[in-house]
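The chain contents come next:
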Amino acid sequence: MYAVIETGGKQYRASVGDKFRVEKIPGETSTEIIFDKILAVGGEGTETKFGNPYVAGARVTAEILKQARADKVFVFKYKSKKNIRKMRGHRQYYTEVVIRNIEA
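The present account deals with the structure reproduced in this document. Being a predicted model, the structure only gives us computed values, none of them experimental. (Residues numbered from 1 in each chain as written. Predicted model: local features only at pLDDT ≥ 70, side-chain atom pairs only at ≥ 80, totals over all residues. Heavy atoms only, no water.)

### Section: the overall build of the protein
To be explicit about the condition: Helix and strand assignments follow DSSP, with helices taken as H or I runs no shorter than four residues and strands as E runs no shorter than two, numbered in order from the N terminus. The reference for a compact globule is 2.2 Å times residues^0.38; the radius of gyration itself is calculated from the C-alpha atoms.
The number of helices and strands found in the protein is zero helices and ten strands. Going from the N terminus to the C terminus, the protein shows its helices and strands as β-β-β-β-β-β-β-β-β-β. Taking 13 Å as the expected radius of gyration for a compact globule of 104 residues, we find that the protein reaches 19 Å, considerably beyond that expectation. Principal-axis analysis of the C-alpha atoms gives the protein an extent of 65 × 30 × 20 Å.

### Looking at the nonpolar core
Quick note on the threshold: Grouping buried Ala, Val, Leu, Ile, Met, Phe, Trp, Tyr and Cys residues that are joined through side-chain atoms within 4.5 Å yields what is termed a nonpolar core. Exposure categories follow from relative accessible area, calculated using a 1.4 Å probe and restricted to protein chains: below 20% of the type maximum is buried, above 50% is exposed, and the middle band is partly exposed. Whether two residues are in contact is decided by their heavy atoms: any pair within 4.5 Å suffices.
Formed by 19 residues in total, the largest nonpolar core has its most connected members in I5, F20 and V60. Mapped by element, the contributors of at least two residues to this core are β1 (2-7), β2 (10-15), β3 (19-23), β4 (32-35), β5 (38-43), β7 (59-69) and β10 (93-103). With residues up to four places along the chain from it excluded, the contact list for F20 reads I5, Y12, A14, T95, E96, V97 and I99.

### Points about the sheet that holds β5
Keep this limit in mind: At least two bridges found by DSSP between two strands is the condition for calling them paired. Axes here mean lines fitted to C-alpha atoms, for a helix over just the part in contact, with angles spanning 0 to 180 degrees between N-to-C directions.
The four strands lie next to each other as β2-β1-β5-β6, forming an open sheet whose pairing is antiparallel. Strands at the two margins of the open sheet, each flanked by one partner only, are β2 and β6 (46-50). Each neighbouring strand pair of the sheet contributes to a mean axis angle of 20 degrees, computed without reference to strand direction. Where β1 and β5 come together, four bridges link them in antiparallel fashion. Residue pairing in the sheet places V4 in a bridge with A40 of β5.

### Observations regarding unusual backbone geometry
Note the cis peptide between N52 and P53, where omega equals 0 degrees. Of note, S30 is a non-glycine position whose phi angle comes to about 65 degrees, a positive value. Looking at the element boundaries, S30 is found in the loop between β3 and β4. We note that N83 has phi near 60 degrees; this positive angle belongs to a residue other than glycine. Residue placement: N83 occurs in the loop between β8 (73-79) and β9 (84-90). By relative accessible area, N83 is classed as exposed at 67%.

### Observations concerning the packing of aromatic side chains
Which entries qualify depends on this criterion: Each pair of aromatic rings taken from Phe, Tyr and Trp, with Trp reduced to its six-membered ring, is defined by centres within 6.5 Å and is described as stacked if the planes are under 30 degrees apart, edge-to-face if over 60, and tilted in the remaining cases. By definition, being over a ring means that NZ of Lys or CZ of Arg is both within 6 Å of the ring centre and within 35 degrees of the ring normal.
The full count for this structure, using the stated rule, is two aromatic pairs. Both rings, one in Y12 and one in F20, keep their centres 5.2 Å apart while their planes meet at 15 degrees; by these two values the pair is stacked. Residues F76 and Y78 carry aromatic rings whose centres are separated by 6.2 Å and whose planes lie at 15 degrees to one another, so their mutual orientation is stacked. We classify Y78 as partly exposed; its relative accessible area is 47%. One cation-aromatic arrangement involves R13 over Y2; the distance from NZ or CZ to the ring centre is 4.1 Å. Here the guanidinium or amino end of R69 rests over the ring plane of Y93, the centre of that ring lying 4.8 Å away.

Bear in mind that shape data such as this cannot, by itself, settle questions of function.
Below you can see the structure in the form of structure tokens.
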């Protein structure tokens, strides 16, 4: 069984046992969280349900594995012959989760 969830302005296809990084969600490590914005639910032997915009009564339970920051992304702005150079860096916060249960 799988579900398409929406969190942090992005959509993820999730099955039980999947690990992935989402935008930062407040919470401690090994805390259970519930995603209730489910766009679609389907899988083997079941009919695929699509929401309008969300599937009513569907929920996905996940566990927070860690709260961390991604690798640094460098932004370098440069204008030739003008001696203009700007170097910026950014590290995005993320939450790594593992899917424990999908309820349709």
